[in-house]
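Inside the fold
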Amino acid sequence: ATVTPDLRGVAEADARRISGYPDWTVLRGRPTGELAALGSAHRGGVKRIVVDQPASRIAPGGRQRFPYPVGTTIVKTAGPAAAPELIAIMVKVARDGASDGGWDYLEYLRDSPSAPLSLLGGGEGVCTGCHFSAEQAQGTDWVFSTLR
């Protein structure tokens, strides 16, 4: 059975956007070696990364294609499934050429298992520097993890 995560503190629009994320498609592919250290930018230990697109849409014929479709949402969590200490959200909002990769970025953190999540921030100043590295090194539309 899927655990319903505690999203207290997440803005209502963001909570709606990520509703049901534990059942989304898992991105299992790890970033290339030179990018692995950038994973420490997000708090927490083991991370789970999911995308709201079925594998058949983003990898027709079994081969993942980029860029992601506009409207795609990716969620990275860390910590217990029922009360994640980190929820990072990427939403594809525009096609190629945008200085932020055409993604909106948000990050919520929880100080303790009983505390609500609070918005740390997001956007160009916080997220795009590292995510730009994923695009340059891997060509994976500013996303570190892939399906395989």
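As for the confidence of the model for the protein chain
The share of residues in the protein chain with pLDDT of 70 or more is 95%, and the mean pLDDT across the chain is 90. Per-element confidence in the protein chain is highest for helix α1 (residues 12-17), whose mean pLDDT is 97, and lowest for helix α3 (residues 124-138), whose mean pLDDT is 86.

Structural notes on the layout of surface pockets
Of the pockets and cavities examined, the largest pocket occupies roughly 670 Å³. Lining of the largest pocket is provided by 33 residues; of these, Lys47, Ile49, Lys76, Phe144 and Ser145 occupy positions nearest its centre. Mapped by element, the contributors of at least two residues to the lining of the largest pocket are β2 (47-51), β3 (73-78), β4 (86-92), β5 (103-110) and α3. At four residues, α3 tops the list of elements feeding residues into the lining of the largest pocket. Looking at the lining of the largest pocket residue by residue, the class counts come to 21 nonpolar, six polar and six charged. The computed volume of the second largest pocket comes to approximately 190 Å³. Taken together, 13 residues line the second largest pocket, and the ones lying closest to its centre are Tyr21, Pro22, Arg48, Thr77 and Ala81. Split by residue class, the lining of the second largest pocket holds eight nonpolar, three polar and two charged.

Here's the deal with the environment of Ser114
Of note, Ser114 is situated in the loop between β5 and β6 (117-121). Given a relative accessible area of 59%, Ser114 falls into the exposed group. Placed 28 residues apart in sequence, Ser114 and Trp142 show a C-alpha to C-alpha distance of 33 Å.

Some remarks on the packing of aromatic side chains
In total, this model carries three aromatic pairs according to the counting rule given. Judged by centre distance (5.8 Å) and plane angle (70°), the rings of Tyr68 and Trp103 are edge-to-face. Within this pair, whereas Tyr68 is found in the loop between α2 (55-58) and β3, its partner Trp103 is found in strand β5, the two being separated by 35 residues in sequence. Take Tyr68 and Trp103: they sit in the same class, and that class is buried.

Quick notes on the pairing of β4
Judged by how many residues are buried, β4 sits mostly within the fold: seven of seven residues are covered. Of the strand pairs in this sheet, β4 and β5 are connected by seven bridges, and their pairing is antiparallel. Counted as the bridge partner of Lys92 is Trp103 from β5.

Criteria and cut-off values
Residues numbered from 1 in each chain as written. Predicted model: local features only at pLDDT ≥ 70, side-chain atom pairs only at ≥ 80, totals over all residues. Heavy atoms only, no water. pLDDT = per-residue confidence, 0-100. Helix = DSSP H or I, 4+ residues; strand = E, 2+ residues; numbered from the N terminus. 1 Å grid on protein atoms, 1.4 Å probe; cavity = no way out; pocket = protein on both sides within 12 Å on 5 of 7 lines; lining within 4 Å. Points joined across faces, edges and corners; volume = space filled by probe spheres on them. Nonpolar A, V, L, I, M, F, W, Y, C, P; charged D, E, K, R; others polar. Buried < 20%, exposed > 50% of the residue type's maximum accessible area, 1.4 Å probe, protein only. Phe/Tyr/Trp six-rings, centres within 6.5 Å; stacked < 30°, edge-to-face > 60°. Pairing = 2+ DSSP bridges.

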